Every structure is written in structure tokens, then in C-alpha cells.
Amino acid sequence: AQKVTQAQTEISVVEKEDVTLDCVYETRDTTYYLFWYKQPPSGELVFLIRRNSFDEQNEISGRYSWNFQKSTSSFNFTITASQVVDSAVYFCALSGNDYKLSFGAGTTVTVRA
Amino acid sequence: GAVVSQHPSRVICKSGTSVKIECRSLDFQATTMFWYRQFPKQSLMLMATSNEGSKATYEQGVEKDKFLINHASLTLSTLTVTSAHPEDSSFYICSARPTGAYEQYFGPGTRLTVT
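So, here is what we can say about the structure in this document. (Residues numbered from 1 in each chain as written. Chains lettered and ligands numbered in written order. Predicted model: local features only at pLDDT ≥ 70, side-chain atom pairs only at ≥ 80, totals over all residues. Heavy atoms only, no water.)

## Overview of the overall build of chain A
Along the backbone of chain A there are 0 helices and 12 strands. Reading the helices (α) and strands (β) of chain A from amino to carboxyl end gives β-β-β-β-β-β-β-β-β-β-β-β. Compactness check: chain A gives a C-alpha radius of gyration of 14 Å against a globular reference of 13 Å for 113 residues, within 12% of the reference. C-alpha atoms of chain A, sized along the principal axes, occupy 45 × 25 × 20 Å. When the accessible surface of chain A is summed, it comes to about 5600 Å², and 47% of that surface belongs to carbon and sulfur atoms. If the 10 positive side-chain charges of chain A are averaged to one point and the 13 negative ones to another, these points end up 2 Å apart. (Helix = DSSP H or I, 4+ residues; strand = E, 2+ residues; numbered from the N terminus. Rg over C-alpha atoms; globule rule 2.2 N^0.38 Å. Areas by Shrake-Rupley, 256 points an atom, 1.4 Å probe, with all protein chains shown as cover. Lys, Arg positive; Asp, Glu negative; His and termini not counted. Charge placed at Lys NZ, Arg CZ, Asp CG, Glu CD.)

Set out below in C-alpha cells:
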């Protein structure tokens, strides 16, 4: 069985602060994929990143960065210099070879001006 | 590219009636589509996997006779909530996987309210 844990339910920060969202996963698959999605109030899921289990390189995309550590089964996400538009629910997700996505509970990020 | 639409975006129906939700991949063919349900302030839960031309595979605890899924073409899957009840009120989201690809692309969701 696959499981994704996002221990932080809510995070509130002031604009320009950095925010790190934790994600810990469990899987028995040797090949798997990790994802982060953003869900703004409109409800539509926005894809942010996909990482496969063989690629542990960290990635940076603008103000977003991801830290994948297989040794601790973690795939953490950092927003640098947060902005009000970053306010949303962020989901970490995991899939194996069957393409089925298992989502974490989500972390609600509120960025205050 | 890779746009998925859902129709309707919102629907209100009376208890006991059936509601059909469509999920279309607009610019690609999708062998596989997925249906998720999301209750307020909760995560997305996979309901079923829909494969073109074959029967859907339902996740444990999802009533297949209540949530009818049809994937009649490579660009269209439908979810019919039969004899809807207030507890079926939820946000239903579909995703589509292009043939031969790993990515899933999500539709904008359908908010169902059963009164």
C-alpha cells in the first residue's frame, strides 16, 4: 500500500517569508513517482513537479524548490520569498507503475500581506 | 496543450435523481482516465480507473452500481451518480493520461450538491 503524509495541516506566513512543506511517503514499489500539486480556491489542481524514484537531484524552478531524499522517504517543497498568490492548498502525491495517485492530506498555506 | 474539461462545473440536483458528469481530453487521446472525489477541506480520494473500451476498476469501498463510469472513446469518460443522496455532495475531479505517457492532466472539477 502507498501512503503519503503531510504532517503540516496549515501554515501561515507573512509575505516574503520562506515556507517549507514536508512530505513523507511509504511505498513498496522500487519505481515510483512523486508529485506536488497546488489547489487554489478555484479548486483546479495545478501541477508543479514530478520526480521519479531514480532521480534524487534537487530542483529549483523560480521561487520553488524541491528536496528529494530517498534515505528518509521525503520530498519537501520550499517556496522562497512567498507572495499572497501562493496562498493555496498544496498536495504531495505518489504513484507507482499503475499510475494511480495517492494524495497526502494537503497543507493549507496562507500568505499574509 | 493537454487540456482536460469537465461538464458541468456545478450541478444541484434533488435527492433520488441521477447526475452525469463528463470528462473530456480536448487535445490528446487518453487511454486511461481517473475519477477522484474531494470532500470539503479534505484530500482527493481515487474512486475508479477508467480504461477506454473496458470496464472501470473501482477502489475499495466505492459502490460501482452507484457510480457508473463509461469510457466510450479515447477522449471522453463519464461518471453517473445514480440515485444521488446528500452524502454524495462533493467535488468530483477527473484526470486523463495521454496514451503512452506517464503524466496525468486534471480537469477543473465538478461541484455536486444534492438537496
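## Some details on the environment of A:R50
Structurally, A:R50 can be placed in strand β6 (residues 46-52). Measuring from C-alpha to C-alpha, the distance between A:R50 and A:V14 comes to 28 Å, with 36 residues separating the pair along the chain. Once you skip the residues sitting within four places of it in the chain, A:R50 turns out to touch A:Y33, A:L34, A:F35, B:Y102 and B:E103. (Contact = heavy atoms within 4.5 Å.)

## Quick look at unusual backbone geometry
In this structure, B:P8 follows B:H7 across a cis peptide bond, with omega equal to 0 degrees. Take B:P8: it is sitting in the loop between β1 (4-7) and β2 (10-13). Phi is positive for A:Y99, close to 70 degrees, though the residue is something other than glycine. Residue A:Y99 is classed as partly exposed on the basis of its relative accessible area of 24%. One non-glycine residue, B:K41, adopts positive backbone phi at about 60 degrees. Here B:K41 shows up in the loop between β4 (30-38) and β5 (44-51). Note on B:K41: relative accessible area 89%, which makes it exposed. (Buried < 20%, exposed > 50% of the residue type's maximum accessible area, 1.4 Å probe, protein only.)

## Section: the interface of chain A and chain B
Contacts between the two partners involve 19 residues from chain A and, on the opposite side, 19 residues from chain B. Overall, the association of chain A and chain B removes approximately 1600 Å² of surface from exposure, summing both partners, and the carbon and sulfur fraction of that is 57%. The interface formed by chain A and chain B holds 2 salt bridges in total. A:K100 is the salt-bridge partner of B:E59, the closest N and O atoms lying 2.9 Å from each other. Listing elements by their share of the side of chain A that touches chain B, those giving two or more residues are β5 (33-39), β6, β10 (88-95) and β11 (101-103) of chain A. In terms of residues, the side of chain A that touches chain B owes the most to one element, β5(A), which gives 4 residues. Split by residue class, the side of chain A that touches chain B holds 10 nonpolar, 5 polar and 4 charged. (Buried area = accessible area lost by both parts, 1.4 Å probe. Salt bridge = Lys/Arg side-chain N within 4 Å of Asp/Glu carboxyl O. Nonpolar A, V, L, I, M, F, W, Y, C, P; charged D, E, K, R; others polar.)

## Concerning the packing of aromatic side chains
Following the criterion strictly, the structure yields 21 aromatic pairs over all chains and no others. Where A:Y64 meets A:W66, the ring centres are 6.0 Å apart and the plane angle is 80 degrees; that geometry is what we call edge-to-face. The two residues A:Y64 and A:W66 agree in class, both being buried. Three or more aromatic residues joined by ring pairs form one cluster here, namely A:Y33, A:F35, A:Y37, A:F47, A:F91, A:Y99, A:F103, B:Y36, B:Y102 and B:F106. (Phe/Tyr/Trp six-rings, centres within 6.5 Å; stacked < 30°, edge-to-face > 60°.)

## Side note on the sheet that holds strand β8 (residues 76-81) of chain B
Residue and element names in this part refer to chain B. Read across the sheet, 4 strands follow the order β1-β3-β8-β7 without closing on themselves; strand pairing throughout is antiparallel. Edge positions in the open sheet fall to β1 and β7 (67-73), since each of these has one partner strand only. Adjacent strand axes in the sheet meet at a mean angle of 15 degrees when their direction is disregarded. In this structure, β1 lies alongside strand β3 (residues 19-25), joined through 4 bridges in antiparallel fashion. (Pairing = 2+ DSSP bridges. Axes fitted to C-alpha atoms, helices over the stretch in contact; angles between N-to-C directions.)

## Focus on the pattern of salt bridges
Tallied over the entire structure, the rule returns 7 salt bridges over all chains. In this structure, A:R50 and B:E103 form a salt bridge, with 2.5 Å as the shortest nitrogen-oxygen distance. With one member in each of two chains, A:R50 in strand β6 and B:E103 in the loop between β9 (90-98) and β10 (105-106) form a pair that bridges those chains. Residue A:R51 is joined to A:D55 by a salt bridge in which the shortest nitrogen-to-oxygen separation is 3.3 Å. Ionic contacts of the salt-bridge type, sharing partners, join the residues A:R51, A:D55 and A:E59 into one network.

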